[in-house]
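The chain contents come next:
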Amino acid sequence: MQEHEYLEIMTQSLTKKLTVLGEIRKKNEEQRVLLLDENLAPEDFEKNIESKAKLVESLEMLDEGFDNLYDRLRDEIIGNKEKYADQIQKLQELIRDITAASSSIQAEEQRNYQLAQRKFSDVKKQIREVKSSQSAVQQYYKNMTKVNYIDAQFMDDKK
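Since we're looking at a predicted model, the values are computed, not measured.

A. Layout of the packing of helix H1 (residues 3-36) against helix H2 (residues 42-79). One can describe the packing of H1 onto H2 by two numbers: an axis separation of 9 Å at closest approach and a directional angle of 160°. As summarised for this structure, H1 and H2 are arranged roughly antiparallel, according to the angle between their axes. Classified by chirality, the crossing of H2 by H1 is left-handed. Its residues assigned to classes, the contact of H1 with H2 comprises 21 nonpolar, 6 polar and 11 charged.

Quick look at the structure:
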């Protein structure tokens with residue numbers, strides 16, 4: 001393969017990475033909506049996380065492929081910058097877009113993390129309240145069974 005073809009593959013790889021980052025942003029938005037939902041089903045949240053994990057795996061594969069190609073072409077590209085100027089410029093634009101998308105995703109992830117912390121805190125609070133309520137109900141029934149209980153009485157027949 002010629003260097004131009006490798007550079008085209010690198011461009012395609014970065015374009016695909018930008019697309020995957022867009023999909024991750026959509027999943028982040030879905031996750032935000034899920035975390036704001038009062039009736040969040042844990043299965044829905046888990047499904048969202050699993051689909052994001054698959055997207056992250058595909059990003060890692062794209063990065064690895066890009067790095068391998070770049071390592072192969074680095075000397076040629078650096079030595080002939082003017083020859084590949086258009087393709088280098090296109091790669092640089094894609095890398096800037098990817099960096100901006102990555103920064104945005106990090107901010108979204110941080111917001112979702114805070115929402116998740118708050119959600120899990122609320123769930124723990126609800127669990128404590130349920131346990132407290134159960135304890136109160138058990139104590140009530142225990143006390144109510146004692147109300148109708150009459151101790152054995154001793155009758156004195158003496159006058």
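B. Molecular detail of the pattern of salt bridges. Overall, the coordinates contain 6 salt bridges when judged by the stated rule. The salt bridge partner of glutamate 108 is arginine 25, with a shortest N-O separation of 3.0 Å. Within this pair, whereas glutamate 108 is found in helix H3 (residues 85-147), its partner arginine 25 is found in helix H1, the two being separated by 83 residues in sequence. Relative accessible area serves as the criterion here: at 12%, glutamate 108 is assigned to the buried category. Residues glutamate 30 and lysine 27 are paired through a salt bridge, measuring 3.5 Å at the closest nitrogen-oxygen approach. On the criterion of helical spacing, the pair formed by glutamate 30 and lysine 27 is a turn pair, its members being 3 residues apart in helix H1. Residue class for lysine 27 comes out partly exposed when judged on its relative accessible area of 22%.

C. Geometry of the layout of surface pockets. Roughly 310 Å³ of internal volume is contained in the largest pocket. No other element matches H3, which puts 7 residues into the lining of the largest pocket. Here the lining of the largest pocket is built from residues that sort into 9 nonpolar, 2 polar and 5 charged. Its volume calculated, the second largest pocket comes out at about 180 Å³. Lining the second largest pocket we find Leu7, Met10, Phe66, Tyr70, Ile77, Ile78, Lys81, Ile88, Leu91, Gln92 and Ile95. Within the residue set of the lining of the second largest pocket, elements represented by two or more residues are H1, H2 and H3.

D. A look at the side chain of lysine 119. Inspection of the secondary structure assignment puts lysine 119 in helix H3. No salt bridge is formed by the buried lysine 119; the nearest opposite charge belongs to glutamate 38, separated by 5.1 Å. Those residues in contact with lysine 119 that lie beyond four places of it in its chain are Leu35, Asp37, Glu38 and Leu40.

E. Region of interest: the environment of arginine 32. Within the fold, arginine 32 resides in helix H1. C-alpha separation for the pair arginine 32 and glutamate 108, spaced 76 residues apart in sequence, amounts to 8.6 Å. In contact with arginine 32, other than residues within four places in its own chain, are Asn112 and Leu115. For arginine 32, the side chain forms a polar contact with the side chain of glutamate 29, separated by 2.7 Å.

F. Fine view of the nonpolar core. Leu7 and Met10 are the most contacted members of the largest nonpolar core, which totals 21 residues. Mapped onto this core, the elements with two or more residues apiece are H1, H2 and H3.

G. Quick peek at H2. Helix length check: H2 (38 residues) gives 54 Å between terminal C-alpha atoms against 56 Å at 1.5 Å per residue, within 8%. Within the sequence span of H2, burial applies to Phe45, Asn48, Lys52, Leu55, Leu59, Leu62, Phe66, Leu69, Leu73 and Ile77.

Reading the values: rules and limits
Residues numbered from 1 in each chain as written. Predicted model: local features only at pLDDT ≥ 70, side-chain atom pairs only at ≥ 80, totals over all residues. Heavy atoms only, no water. Axes fitted to C-alpha atoms, helices over the stretch in contact; angles between N-to-C directions. Helix = DSSP H or I, 4+ residues; strand = E, 2+ residues; numbered from the N terminus. Parallel < 35°, antiparallel > 145°, perpendicular 65-115°, else oblique. Left-handed = near helix turned anticlockwise from the far one by under 90°. Nonpolar A, V, L, I, M, F, W, Y, C, P; charged D, E, K, R; others polar. Salt bridge = Lys/Arg side-chain N within 4 Å of Asp/Glu carboxyl O. Buried < 20%, exposed > 50% of the residue type's maximum accessible area, 1.4 Å probe, protein only. 1 Å grid on protein atoms, 1.4 Å probe; cavity = no way out; pocket = protein on both sides within 12 Å on 5 of 7 lines; lining within 4 Å. Points joined across faces, edges and corners; volume = space filled by probe spheres on them. Lys, Arg positive; Asp, Glu negative; His and termini not counted. Contact = heavy atoms within 4.5 Å. Polar contact = N/O pair within 3.5 Å; in protein donor to acceptor, adjacent residues only side chain to side chain. Core = buried A, V, L, I, M, F, W, Y, C linked by side-chain atoms within 4.5 Å. Expected span 1.5 Å × (residues − 1).

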